[in-house]
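Here is how the chains run, residue by residue.
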Amino acid sequence: MRNASRVVLEAVASPPNPFRYGSPVTGANFTGRTVEHQALVSRMADGLNVSLVSPRRYGKTSLLLRAEGTITRAGASVVHVNVLRCPDLGHFAAALATGLAQTHGRRLRRGVAAASDFRRRFRVTPAVELGDDGKARFSFVPSLAAKDATSVLEDVYRLLAEGDRSGVLVLDEFDAIVDLNPTLPNAFKGLADSYPQVSLVVAGSRRHMMERLVHVHGAPLYGMTQPISLGPIDPDAMARYLVRRSAAGDKKMPPAIAGTIIGRIGPVPNDIQHLAYETFAVASGPIITDADIDTGLDQAISLAEATYSVTWHERPVVQRRVLSALAAQPTGEPFGGAFARRTGLATSSVQRAIEALVNDEWVADDGGLWHLTDPFLARWVQAEDPR
Ligand SMILES: Nc1ncnc2c1ncn2[C@@H]1O[C@H](COP(=O)(O)OP(=O)(O)OP(=O)(O)O)[C@@H](O)[C@H]1O
Ligand SMILES: [Mg+2]
């Protein structure tokens, strides 16, 4: 057996693993999505509002970042805020103001005086400090009132609309906005009417929440956005990507192997890149084989095992039974008697469990088939039967 330090040294010396998963991808790690990218960029340029919806990990943020790069290079001002990263209204308003300041980057890098002037453009004035990178960062008190946060939002719209550059406001994880304040979404209709030249792009994955906020009749943003939904990346494009990236890491991945990876763990691009990463990591020869995929899959599951075990045992037993049944066989009819019999539960209990599991994003019904959102977890559940 090779000794551990030698394995580590070999790993450090060899080309880095060319696959990426778990966070947004850019550049050579991004593939496909040409149609959606074009649709998004043209709407941003034309001042149209967009809602971008997909299940988790399909690539919303990666696509947003790519479109933002394109439109910024064309001269637009883009403010991007991840709403889920804002624990309260003060942080949300600060992220908006800081994002706006960064669109004025060069001018504000002239120092604290310029940043201090800039903050006076807000009716509710933020505190300002310059980071080590020379960029201005604004802050508000965490307990900022909803009307003050709305006023900052309005100022950001107004300032984005000034001048002849296109202005774009991107709110990623938009569904989390109701946790900040349930009345905040009501501001957007009026803002869209007052500043029609600003493009608002909202993105989210919790479909039911996005529907309640954006798509159903009576929702606060109803009728004001054009929907773009992200499906799985075209499997042929994804397979070509796997082959190409693997070659960049100095290992040959035959197209059939790329197809097997996608077939085993797809269609979610994050899962495909995850399995490709592990498969690449365990492959010891110059050509990746079927056996490497099996070993890579085992490795992915065993690395996550401790976490799976803890989070699994935190779920109520009824939910675990439903998860086990879905892991063994996804179903199109989870609320009928047949599925309930498979779980040994009453249909009403199954229904409640599924509602909770969908809410917590353990289960989804993409394509009409109810299944575990994490295919690695599904395989662990099947193998371990941890009920
Ligand atoms: N266009 C793409 N090309 C290649 N891989 C992609 C692409 N888009 C997404 N991925 C893969 O999916 C992973 C997640 O991407 P991203 O964070 O953009 O998804 P998301 O939909 O924003 O996820 P979440 O719902 O968790 O916010 C990336 O790390 C990458 O592995
Ligand atoms: Mg995202």
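Residues numbered from 1 in each chain as written. Chains lettered and ligands numbered in written order. Predicted model: local features only at pLDDT ≥ 70, side-chain atom pairs only at ≥ 80, totals over all residues. Heavy atoms only, no water.

Peer 1: Explain the overall build of the chain residue by residue, including any values.
Peer 2: Tallying secondary structure elements over the chain gives 18 helices and 9 strands in all. In terms of overall size, the chain behaves like a compact globule, its C-alpha atoms giving a radius of gyration of 24 Å where 387 residues would be expected to give roughly 21 Å. Its C-alpha atoms give the chain principal-axis dimensions of about 65 × 55 × 35 Å. Taking all 387 residues of the chain together, 48% fall into the buried category. Considering only contacts within the chain whose residues lie at least 6 apart along the sequence, 69% involve residues at least 24 apart. (Helix = DSSP H or I, 4+ residues; strand = E, 2+ residues; numbered from the N terminus. Rg over C-alpha atoms; globule rule 2.2 N^0.38 Å. Buried < 20%, exposed > 50% of the residue type's maximum accessible area, 1.4 Å probe, protein only. Contact = heavy atoms within 4.5 Å.)

Peer 1: Would you mind going over the pattern of salt bridges in detail, with residue names and values included?
Peer 2: What the rule picks out here adds up to 10 salt bridges. The salt bridge partner of R120 is D117, with a shortest N-O separation of 3.4 Å. Each member of the pair R120 and D117 is classed as exposed. Linking E154 and R123 is a salt bridge whose minimum nitrogen-to-oxygen distance equals 3.8 Å. Taken as a pair, E154 in helix α7 (residues 146-161) and R123 in the loop between α6 (112-119) and β3 (127-130) lie far apart in primary sequence, 31 residues in all. (Salt bridge = Lys/Arg side-chain N within 4 Å of Asp/Glu carboxyl O.)

Peer 1: Mind laying out the domain arrangement of the chain, listing which residues take part and the relevant values?
Peer 2: Often, the extent of an interface is quoted as the loss of accessible area on bringing the components together. Each domain of the chain was delimited in the assignment, giving domain 1 (33-229) and domain 2 (235-384). Note on domain 1 versus domain 2: buried area summed over both sides is about 700 Å², and carbon and sulfur give 48% of it. Three residues, R57, Y58 and R207, lead the burial of domain 1 against domain 2; their summed loss comes to 58% of the area buried on that side. Joining domain 1 to domain 2, the criterion identifies 1 salt bridge. A salt bridge links E361 to R56, with the nearest nitrogen and oxygen atoms 2.9 Å apart. (Domains from an automatic or database assignment. Buried area = accessible area lost by both parts, 1.4 Å probe.)

Peer 1: Please set out the site of ligand 1 residue by residue, giving values where relevant.
Peer 2: The environment of ligand 1 is made up of 22 residues, and the closest members are R20, S23, R56, K60 and S62. In this structure, an oxygen atom belonging to ligand 1 sits 3.2 Å away from a side-chain N or O atom of E173. Within the backbone of N270, an N or O atom sits 3.3 Å from an oxygen atom of ligand 1. When the free accessible area of ligand 1 is taken as 630 Å², the share hidden by the protein chains comes to 97%. Considering only residue class, the shell around ligand 1 consists of 7 nonpolar, 9 polar and 6 charged. Each of domain 1 (33-229) and domain 2 (235-384) gives at least three residues to the shell around ligand 1. (Near = heavy atom within 4 Å. Polar contact = N/O pair within 3.5 Å; in protein donor to acceptor, adjacent residues only side chain to side chain. Areas by Shrake-Rupley, 256 points an atom, 1.4 Å probe, with all protein chains shown as cover. Nonpolar A, V, L, I, M, F, W, Y, C, P; charged D, E, K, R; others polar.)

Peer 1: Describe the pairing of strand β6 (residues 198-204), naming the residues involved and giving the relevant values.
Peer 2: In terms of burial, β6 is a largely internal element, 7 of the 7 residues being buried. Here β6 shows two buried faces, one formed by V198, L200, V202 and G204 and the other by S199, V201 and A203. With 4 bridges connecting them, strand β1 (residues 50-53) and β6 associate as parallel partners. Pairing of L52 across the sheet is with A203, part of β6. As paired elements, strand β5 (residues 167-172) and β6 share 5 bridges and run parallel to each other. Counterpart to V170 in the pairing with β6 is V201. (Pairing = 2+ DSSP bridges.)

Peer 1: Tell me what's going on with unusual backbone geometry, and back it up with residues and numbers.
Peer 2: Cis peptide bonds are those with omega within 30 degrees of zero, and the linkage from G266 to P267 qualifies with 15°. As for its placement among the helices and strands, P267 is situated in the loop between α12 (255-265) and α13 (269-282). With a phi angle near 55°, E173 is a residue other than glycine that sits in the positive phi range. Residue E173 is classed as buried on the basis of its relative accessible area, which comes to 12%. One non-glycine residue, E361, lies in the positive phi region at around 65°.

Peer 1: Just give me the short version of the packing of aromatic side chains, but keep the residues and values in it.
Peer 2: Counting across every chain of the model gives 11 aromatic pairs. A ring pair is formed by F118 and F138, whose centres lie 6.0 Å apart and whose planes are at 35°; its orientation type is tilted. A residue pair is termed long-range when its members are at least 10 positions apart, and F118 in helix α6 and F138 in strand β4 (residues 136-139) qualify at 20 residues. For the pair formed by F118 and F138, the shared burial category is buried. (Phe/Tyr/Trp six-rings, centres within 6.5 Å; stacked < 30°, edge-to-face > 60°.)

Peer 1: So what's going on with the sheet that holds β5? Residues and values would help.
Peer 2: One open sheet accounts for 5 strands, arranged β2-β5-β6-β1-β7; its pairing is parallel. Unpaired on one side and paired on the other, β2 (77-82) and β7 (226-229) mark the two borders of the sheet. Between one strand and the next, the sheet's axes are offset by a mean angle of 15°, whatever the strand orientation. Across the sheet, helix α2 (residues 34-45) lies against β1, β5, β6 and β7, angled at about 155° from β7, the strand it touches most. Across the sheet, helix α10 (residues 207-215) lies against β1, β6 and β7, angled at about 170° from β1, the strand it touches most. (Axes fitted to C-alpha atoms, helices over the stretch in contact; angles between N-to-C directions.)

Peer 1: Describe the nonpolar core, listing the residues and the values that go with them.
Peer 2: If you look at the biggest cluster of nonpolar residues, it comprises 50 residues, and the most contacted ones within it are F92, L96, L169, L171, F174, F188 and L200. Listed in part, the 46 residues of the second largest apolar core include F280, A304, W362 and V381. (Core = buried A, V, L, I, M, F, W, Y, C linked by side-chain atoms within 4.5 Å.)

Peer 1: Go over helix α15 (residues 317-328), please, and point to the residues and values.
Peer 2: End to end, α15 covers 17 Å across 12 residues, agreeing with the expected 16 Å (1.5 Å per residue, within 8%). Looking only at α15, the buried set comprises Q319, R320, V322, L323, S324, A325, L326 and A327. Among the structural elements, α14 (290-314), α16 (337-343), α17 (347-359), β8 (363-364), β9 (371-372) and α18 (375-384) are those in contact with the buried residues of α15. (Expected span 1.5 Å × (residues − 1).)

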